[in-house]
Amino acid sequence: MAEIPLARDPVDVTPEWLTSVLRERGHEVTVASIESNSVGTGQVAHCERFEVSYAQWDGRAARSFVGKFRSPDELSRRTGSAGTYQREVNFYRHIHPTV
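Here's what I pulled together on the structure shown here. (Residues numbered from 1 in each chain as written. Predicted model: local features only at pLDDT ≥ 70, side-chain atom pairs only at ≥ 80, totals over all residues. Heavy atoms only, no water.)

**Quick look at the layout of surface pockets**
Roughly 690 Å³ of internal volume is contained in the largest pocket. Along its surface, the largest pocket is lined by 22 residues, and L6, A7, R8, K68 and F69 are the ones closest to its centre. At the level of elements, α1 (15–24), β3 (64–70) and α2 (74–95) are the ones that each hand at least two residues to the lining of the largest pocket. If one sorts the elements of the lining of the largest pocket by residue count, β3 sits on top with 6 residues. Residue classes in the lining of the largest pocket are distributed as 15 nonpolar, 1 polar and 6 charged. (1 Å grid on protein atoms, 1.4 Å probe; cavity = no way out; pocket = protein on both sides within 12 Å on 5 of 7 lines; lining within 4 Å. Points joined across faces, edges and corners; volume = space filled by probe spheres on them. Helix = DSSP H or I, 4+ residues; strand = E, 2+ residues; numbered from the N terminus. Nonpolar A, V, L, I, M, F, W, Y, C, P; charged D, E, K, R; others polar.)

**Considerations on the packing of aromatic side chains**
Under the defined criterion, the tally for this structure stands at 4 aromatic pairs. When the ring of F50 is compared with that of F65, the centres are 5.0 Å apart and the planes differ by 25 degrees; the resulting orientation is stacked. With F50 in strand β2 (residues 45–56) and F65 in strand β3, the pair connects residues that are 15 residues apart, well separated along the chain. Measuring from centroid to centroid gives 6.3 Å for Y54 and W57, while their planes differ by 25 degrees, and the two rings are stacked. Relative accessible area serves as the criterion here: at 14%, Y54 is assigned to the buried category. A connected cluster of aromatic rings, assembled from ring pairs, spans F50, F65 and F69. Above the ring of W57, the side-chain terminus of R63 is found at 3.6 Å from the ring centroid. (Phe/Tyr/Trp six-rings, centres within 6.5 Å; stacked < 30°, edge-to-face > 60°. Buried < 20%, exposed > 50% of the residue type's maximum accessible area, 1.4 Å probe, protein only. Lys NZ or Arg CZ within 6 Å of the ring centre and 35° of its normal.)

Any functional reading would require information that these geometric values do not contain.
Take a look at the structure:
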């Protein structure tokens with residue numbers, strides 16, 4: 001099976017891409033459509049809420065989720081690259097599972 005590429009921008013989150021990601025994780029689904037809207041204020045990242053409509057749904061896959069992407073603003077990206085992104089990743093890898 002080919003590796004599914006990382007969605008680096010909200011436009012990368014297509015029904016085909018999300019169907020592949022969810023199936024790889026054991027969901028028997030087919031995504032029919034996705035609608036998205038920006039959420040948050042975007043100091044160092046750009047967040048989108050995705051609302052998912054399924055042609056086939058297994059009753060378990062999320063109907064909505066938030067994706068976090070690098071900011072389109074250069075100054076915000078530099079701020080995140082100065083260690084903010086890595087601290088957040090480390091929180092979710094090491095601390096979040098313990099709380």
